Amino acid sequence: MIDWNTYGSVIRIYKGSGSLCFGEDKESCEFELVQLANGDLYALCQVSDHVTALSMSFNKELEKLVGEIGDDQILIFSDNMIIKSVIENQLIVYGKFISVKSLNHKSARFRFALTNLVMDEKRVQLNCDGINLTIRRVENYDDIVFALKASKGIAVTCEAVIDSNSTIARETVVNTVNDVCLLLTLSQGCRVTWLYYDVVKSNDEIIESFHGSAITKPFTSLPLIAAQDMVGFLERVYPNLTCRARRSSGRFKRPWMLILTRKLRGIFLKPVPLSW
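Bear in mind that the values here come from a model prediction, so they are computed numbers and not experimental data. Throughout, a residue's number is its position along its own chain's written sequence, starting from 1. Selection of residues for local features in this predicted model requires a pLDDT of at least 70, selection of side-chain atom pairs for listing and counting requires 80 or more, and totals for whole chains, interfaces and linings are taken over all residues. The basis for every side-chain value is the complete set of non-hydrogen atoms in the structure, without hydrogens or water.

With respect to the pattern of salt bridges
1) Next: Just to be clear on terms, a salt bridge is a Lys or Arg side-chain nitrogen sitting within 4 Å of an Asp or Glu carboxyl oxygen. Going through the model one piece at a time under the given rule, you end up with ten salt bridges.
2) Next: Lys-15 serves as the salt-bridge partner of Glu-32, at 3.4 Å between the closest nitrogen and oxygen. With Glu-32 in strand β2 (residues 25-36) and Lys-15 in strand β1 (residues 10-22), this pair connects stretches of sequence that are 17 residues apart.
3) Next: Judged by relative accessible area, Glu-32 falls into the buried class, the value being 6%.
4) Next: Under the scheme applied here, a residue whose accessible area is under 20% of the maximum for its type counts as buried, over 50% as exposed, and between as partly exposed, the area being computed with a 1.4 Å probe on protein chains only. Owing to a relative accessible area of 56%, Lys-15 belongs among the exposed residues under this scheme.
5) Next: A salt bridge links Asp-204 to Arg-111; its shortest N-O distance comes to 3.7 Å. In this pair, Asp-204 is assigned in the loop between β13 (194-200) and β14 (206-212) and Arg-111 in strand β9 (residues 109-115), connecting sequence segments 93 residues apart.
6) Next: Among the charged side chains, a salt-bridge network with shared partners connects Arg-12, Arg-109, Arg-111, Arg-136, Glu-159, Asp-198 and Asp-204. Only runs of H or I of at least four residues qualify as helices and only runs of E of at least two qualify as strands under DSSP, and these elements are numbered from the N terminus.

A short note on the side chain of Asn-80
1) Next: Mapping Asn-80 onto the fold places it in the loop between β5 (73-78) and β6 (81-85).
2) Next: Within the structure, the side chain of Asn-80 is placed 3.5 Å from the backbone nitrogen of Leu-65, a separation counted as a polar contact.
3) Next: A distance of 3.5 Å separates the side chain of Asn-80 from the backbone oxygen of Ser-78, its partner in a polar contact.
4) Next: Contacts are residue-level and defined by heavy atoms, with any inter-residue pair within 4.5 Å sufficient. Once residues within four sequence positions are removed from consideration, Asn-80 is found in contact with Leu-62, Glu-63, Lys-64, Leu-65, Val-93, Tyr-94 and Gly-95. What qualifies as a polar contact is a pair of N or O atoms within 3.5 Å, subject to a donor-acceptor requirement within protein and to the restriction that residues adjacent in sequence count only when both atoms come from side chains.

So, the packing of aromatic side chains
1) Next: Between rings of Phe, Tyr and Trp, where Trp is taken as its six-membered ring, a pair exists when centres lie within 6.5 Å; planes separated by under 30 degrees are stacked, by over 60 edge-to-face, and by other angles tilted. A complete count under the given rule lists eleven aromatic pairs for this structure.
2) Next: Taken together, a centroid distance of 6.5 Å and an interplanar angle of 50 degrees make the contact between Trp-194 and Phe-210 tilted. Residue Trp-194 is located in strand β13, and its partner Phe-210 is located in strand β14; the two are separated by 16 residues in the primary sequence.
3) Next: Assessed through its relative accessible area of 12%, Trp-194 is described here as buried.
4) Next: In this structure Phe-210 comes out as partly exposed when scored by relative accessible area, which is 22%.
5) Next: An aromatic cluster is defined as three or more aromatic residues linked by ring pairs; in this entry it consists of Phe-97, Phe-110, Phe-112, Trp-194, Tyr-197 and Phe-210.

Some points on the pairing of strand β7 (residues 90-95)
1) Next: Counting buried residues along β7, six of its six residues qualify, which places the element largely inside the surrounding structure.
2) Next: Here, strands pair whenever DSSP counts at least two bridges between them. Direction of pairing for strand β3 (residues 41-46) relative to β7: antiparallel, over a ladder of six bridges. What sits directly across from Leu-44, in β7, is Ile-92.

A look at the side chain of Asn-89
1) Next: Here Asn-89 is to be found in the loop between β6 and β7.
2) Next: The buried category is assigned to Asn-89, whose relative accessible area is 13%.
3) Next: From its side chain, Asn-89 meets the backbone oxygen of Val-47 in a polar contact 2.5 Å long.

Quick look at a negative patch on the surface
1) Next: The grouping of Glu-24, Asp-25, Glu-61 and Glu-63 at the surface amounts to a negative patch.
2) Next: Tracing the backbone through its elements, the reader meets Glu-63 in the loop between α1 (50-56) and β4 (64-68).
3) Next: Take Glu-63: its relative accessible area is 43%, and that puts it in the partly exposed class. Like charges are joined within 9 Å and nonpolar side chains (Val, Leu, Ile, Met, Phe, Trp, Tyr) within 5 Å, but only among residues with over 30% relative accessible area and no salt bridge; these make up the patches. In this description, accessible areas are obtained by the Shrake-Rupley approach with a 1.4 Å probe, and a residue is regarded as covered only by the protein chains that are shown. Charged residues are defined here as Lys and Arg on the positive side and Asp and Glu on the negative side; His and the ends of the chain fall outside this count. Taken as the charge location is NZ of Lys, CZ of Arg, CG of Asp or CD of Glu.

Examining the confidence of the model for the protein chain
1) Next: Here the protein chain averages 82 in pLDDT, while 81% of its residues score no lower than 70.
2) Next: No element of the protein chain has a lower mean pLDDT than helix α5 (residues 253-264), at 53, and none a higher one than β9, at 95.
3) Next: The pLDDT value expresses, per residue, how confident the predictor is, ranging between 0 and 100. Low confidence marks residues 246-252, where pLDDT is under 50. Its contacts with residues over four positions away, or in another chain, come to six contacts.
4) Next: For residues 267-276, every residue scores under 50 in pLDDT, and the model assigns this stretch 15 contacts once sequence neighbours within four places are set aside.

This is how it looks when you write it as structure tokens:
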């Protein structure tokens, strides 16, 4: 098997068996699939023989990888492209989305993995338009942040947790976390994004996962808002962000992204007034 550490730091790994789908044609395979800290998603797929692997490496119509990774867990790796055929009968596949689902389970809450967020408190709670969101440090947070500041790299440092509610659409939950990440990025002066989210039961057992090929940036420390004021900033600015975004069909976010881009490039900005 391949040493994924040569590609980057591995955040999560899945192993199983399934099929590479080329339209109506399918090819059985064993696979090992990873997400890296920079957001990239790769799978190493082992097919029946070297000739098959070589011929598939020139096939540009790969739609998805579908497989099983447990007794009742189904994985779908989509928006794929075969990068190359490697030794013997193995292929490396790049993709943009991973969805993992367990059958016959009801969700309890969503748990998002956030990159490069540094917090003074161990956990904070926010009310985002009626959605209760908790941001908390991950296990071994101090060691991870110490290494992150030294390497100027990318790492999962915190989790955003939202209790599920049958009346709240999943799209609303994801959009809420996207908006909070946008404001955290502005507040901290460093790109904060989520790499994946898990749907978990009350005992933290994972029953579903979704991974996206996220856009990440190396860690920097250029805070626009003092760490101790982060919660107050989010509570005061979030309602304005979402309200104006709704009225303008998302156009309000464009100035925010311009501010973030300039901030991350080190261009001087005056403090953002909190009286909007």
